[in-house]
Amino acid sequence: MNRLHRELAPISDSAWAALDAEAADNLRVFLAARRLMDFHGPTGATCLPTGRVEQVINGDVSVARLVTVEMFEFNTRFTMNRTELEALERGAIDVDFDPLREAARGIANAEDNLVFHGVEGTATRGIRTAAPHEVVPIPPDYTEYPVAVAEAVSILREAGVGGPYGLALGPRCYRGVMESTDQGGLVVDHLRTITGGPLVWARTIDGALLLSMQGGDHHLEASFDVALGYRNHDADAVELFLTETVGFRLDGDDAAVALAHGD
């Protein structure tokens, strides 16, 4: 089934290529979770296996149910002005991509929320909500921030969870870290030394989240990766959408520590 219906749109191949490129550029900025863990896709799978089974019938022929994790489909619609699309086809470099940018932000937020916070009413748990460790307070003085992160790293090491470690920073934390220096050195460089992994801006997190990147603890899979599709059009505008089908399996709930602001 062709779920994108791009061939029905009044958009040329060159304009589609430009729209795809713009979407990809924005998604690279907004998507945080997949930069910190095992990511697979597009796989075409309809569910994520857990490797577990539940016995249903015992007999000469036993029946067991394969335990799987749900996949979720995200869709977000937006509208592009046809005048802007025509300008894009003529090679304009000042095209108004704001609707596409907001749609990319929205679908990235949905994916990151799935991973970090889970989905209420389902069996899918998020990393932050499932983490069993005590929350580490974030000091108001960002020159002391490396001390808090070192404490979080120690918690994981004491739990037998190895590194390197990635640090997902909410907008407030990210700004504070990037603007701070300590005895002439950048706080961000100190943090990279402590974690051994990347520091990632994560818009959907309040505070921060330290997680192990040793592999095998967090599995994010896209059966259908983020793509642009067509809905309809009239004389003035074209309605498009971004879509993806994705699932998250939490294999090690003890492989992350949350850091939280005190206010």
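Residues numbered from 1 in each chain as written. Predicted model: local features only at pLDDT ≥ 70, side-chain atom pairs only at ≥ 80, totals over all residues. Heavy atoms only, no water.

1. Observations concerning the overall build of the protein chain
Piece 1. Helix and strand counts for the protein chain come out as seven helices and 13 strands.
Piece 2. Looking at the protein chain as a whole, 46% of its 263 residues are labelled buried.
Piece 3. Sequence-distant contacts in the protein chain: of pairs separated by 6 or more residues, those separated by 24 or more amount to 77%.
Piece 4. Looking at the protein chain as shown, the accessible area adds up to about 13100 Å², and 48% of this sits on carbon and sulfur atoms.
Piece 5. Within the protein chain, one finds 21 positive and 40 negative side-chain charges whose respective centroids are separated by 2 Å. (Helix = DSSP H or I, 4+ residues; strand = E, 2+ residues; numbered from the N terminus. Buried < 20%, exposed > 50% of the residue type's maximum accessible area, 1.4 Å probe, protein only. Contact = heavy atoms within 4.5 Å. Areas by Shrake-Rupley, 256 points an atom, 1.4 Å probe, with all protein chains shown as cover. Lys, Arg positive; Asp, Glu negative; His and termini not counted. Charge placed at Lys NZ, Arg CZ, Asp CG, Glu CD.)

2. Some points on the nonpolar core
Piece 1. Counting residues in hydrophobic clusters, the biggest one holds 49 residues, and the most contacted among them are Ile-11, Leu-19, Phe-116, Ile-127, Leu-209, Leu-240 and Leu-242.
Piece 2. Considering each element in turn, this core owes the most residues, eight residues, to helix α3 (residues 98-117).
Piece 3. Discounting chain neighbours no more than four positions away, the residues touching Leu-242 are Phe-74, Asn-75, Thr-76, Phe-78, Leu-100, Ala-103, Ala-104, Ile-107, Val-226, Ala-227 and Leu-228.
Piece 4. By size, the runner-up hydrophobic cluster in this structure holds 24 residues, among which are Ala-148, Ala-152, Val-188 and Ala-255. (Core = buried A, V, L, I, M, F, W, Y, C linked by side-chain atoms within 4.5 Å.)

3. A short note on the sheet that holds strand β12 (residues 237-250)
Piece 1. Strand order in the open sheet formed by four strands is β1-β11-β12-β4, with mixed pairing between adjacent strands. What marks the edges here is a single partner per strand, and that holds for β1 (38-40) and β4 (72-81). For this sheet, the mean angle separating the axes of adjacent strands, direction not counted, is 25°.
Piece 2. In this structure, β4 lies alongside β12, joined through 10 bridges in antiparallel fashion. Each bridged residue has a counterpart across the sheet, and for Glu-73 the counterpart in β12 is Thr-245.
Piece 3. Helix α2 (residues 82-89) rests against β4, β11 (218-233) and β12 of the sheet, and its axis sits at about 85° to β4. (Pairing = 2+ DSSP bridges. Axes fitted to C-alpha atoms, helices over the stretch in contact; angles between N-to-C directions.)

4. Observations concerning the side chain of Arg-249
Piece 1. Among the secondary structure elements, Arg-249 is positioned in strand β12.
Piece 2. Here the side chain of Arg-249 touches Asp-251 through a polar contact of 2.8 Å, side chain to side chain.
Piece 3. Ignoring anything within four residues of it in the chain, the contact list for Arg-249 reads Leu-48, Pro-49, Thr-50, Val-69, Asp-217, His-218 and His-219. (Polar contact = N/O pair within 3.5 Å; in protein donor to acceptor, adjacent residues only side chain to side chain.)

5. Side note on the pattern of salt bridges
Piece 1. Tallying each qualifying case throughout the model produces 14 salt bridges.
Piece 2. The shortest N-O distance in the salt bridge between Glu-73 and Arg-3 comes to 3.2 Å. In this pair, Glu-73 sits in strand β4 while Arg-3 sits in the segment before α1 (13-30), placing the two residues 70 residues apart along the sequence.
Piece 3. Here Asp-225 ties to Arg-34 by a salt bridge, and the two come within 3.2 Å at their closest N and O atoms. Separated by 191 residues along the polypeptide, Asp-225 in strand β11 and Arg-34 in the loop between α1 and β1 bring together distant segments of the chain.
Piece 4. Judged by its relative accessible area of 18%, Arg-34 falls in the buried class.
Piece 5. Taken together, the salt bridges that share partners define one network made up of Arg-34, Glu-111, Asp-225 and Glu-244. (Salt bridge = Lys/Arg side-chain N within 4 Å of Asp/Glu carboxyl O.)

6. A closer look at the packing of aromatic side chains
Piece 1. What the rule picks out here adds up to two aromatic pairs.
Piece 2. Seen in terms of ring centroids, Phe-30 and Trp-201 are 6.4 Å apart; in terms of plane orientation they differ by 45°. Their pairing is tilted. Of this pair, Phe-30 sits in helix α1 while Trp-201 sits in strand β9 (residues 196-201), and the two are 171 residues apart along the sequence.
Piece 3. Residue Trp-201 is classed as partly exposed on the basis of its relative accessible area of 22%.
Piece 4. Judged by centre distance (5.6 Å) and plane angle (25°), the ring pair of Tyr-142 and Tyr-145 falls under stacked. (Phe/Tyr/Trp six-rings, centres within 6.5 Å; stacked < 30°, edge-to-face > 60°.)

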